[in-house]
Amino acid sequence: MIRAMLLVAALSGGVDVDDDGVPDARDNCPHEENPGQRDADRDGWGDACDGCPNVPDATQLDADGDGWGDACDPVDADVT
Ligand SMILES: [Ca+2]
Ligand SMILES: [Ca+2]
Ligand SMILES: [Ca+2]
Ligand SMILES: [Ca+2]
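Residues numbered from 1 in each chain as written. Chains lettered and ligands numbered in written order. Predicted model: local features only at pLDDT ≥ 70, side-chain atom pairs only at ≥ 80, totals over all residues.

Asks: Please clarify how the overall build of the protein should be interpreted in this entry.
Replies: Regarding its fold elements, the protein presents two helices and zero strands. The burial tally for the protein puts 21% of its 80 residues in the buried class. In the protein, 0% of the contacts between residues at least 6 apart in sequence involve partners at least 24 apart. (Helix = DSSP H or I, 4+ residues; strand = E, 2+ residues; numbered from the N terminus. Buried ≥ 20, exposed ≤ 12 C-beta atoms within 10 Å, placed from the backbone. Contact = placed C-beta atoms within 7 Å.)

Set out below in structure tokens:
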């Protein structure tokens, strides 16, 4: 199974760092294993690595670095 996925990655000509079968060039979370590539808010970042999975925030800014993007972080929202 893993070998087959590696073969697919090799044939499609891309490195696949997280081994989820999706080459990094097309992987919406290159460092998270998310073969389904689910992206609920369709901002281009997969749910597995989206700081705000339900808020379109293409920049993925996270001012306080707590893993919650500024677009959905209640703490950031209160800080000026
Ligand atoms: Ca991935
Ligand atoms: Ca997303
Ligand atoms: Ca988002
Ligand atoms: Ca944050």
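Asks: Looking at this model, I keep getting lost on the environment of Pro56. Mind explaining?
Replies: Summarising the element assignment, Pro56 is placed in the loop between helix H1 (2–11) and helix H2 (74–78). Classification of Pro56 by C-beta neighbours within 10 Å gives partly exposed; the count is 14.

Asks: Got a minute to help me understand unusual backbone geometry in this structure?
Replies: Excluding glycine, residues mostly have negative phi values, and the peptide bonds linking residues are mostly trans. The backbone of Asp19 sits at a positive phi, close to 55°, despite the residue not being glycine. With respect to the helices and strands, the residue Asp19 is situated in the loop between H1 and H2. The phi angle at Gln37 is positive, at roughly 55°, despite the residue not being glycine. You can see Gln37 is positioned in the loop between H1 and H2.

Asks: So what exactly am I meant to see when it comes to the environment of Ala58 here?
Replies: The residue Ala58 is located in the loop between H1 and H2 in this model. Since 10 C-beta atoms lie within 10 Å of it, Ala58 is described here as exposed. Sequence separation of Ala58 and Trp45 is 13 residues, and the distance between their C-alpha atoms is 7.2 Å. Once residues lying within four places of it in the same chain are set aside, the contact partners of Ala58 are Asp43 and Gly44.

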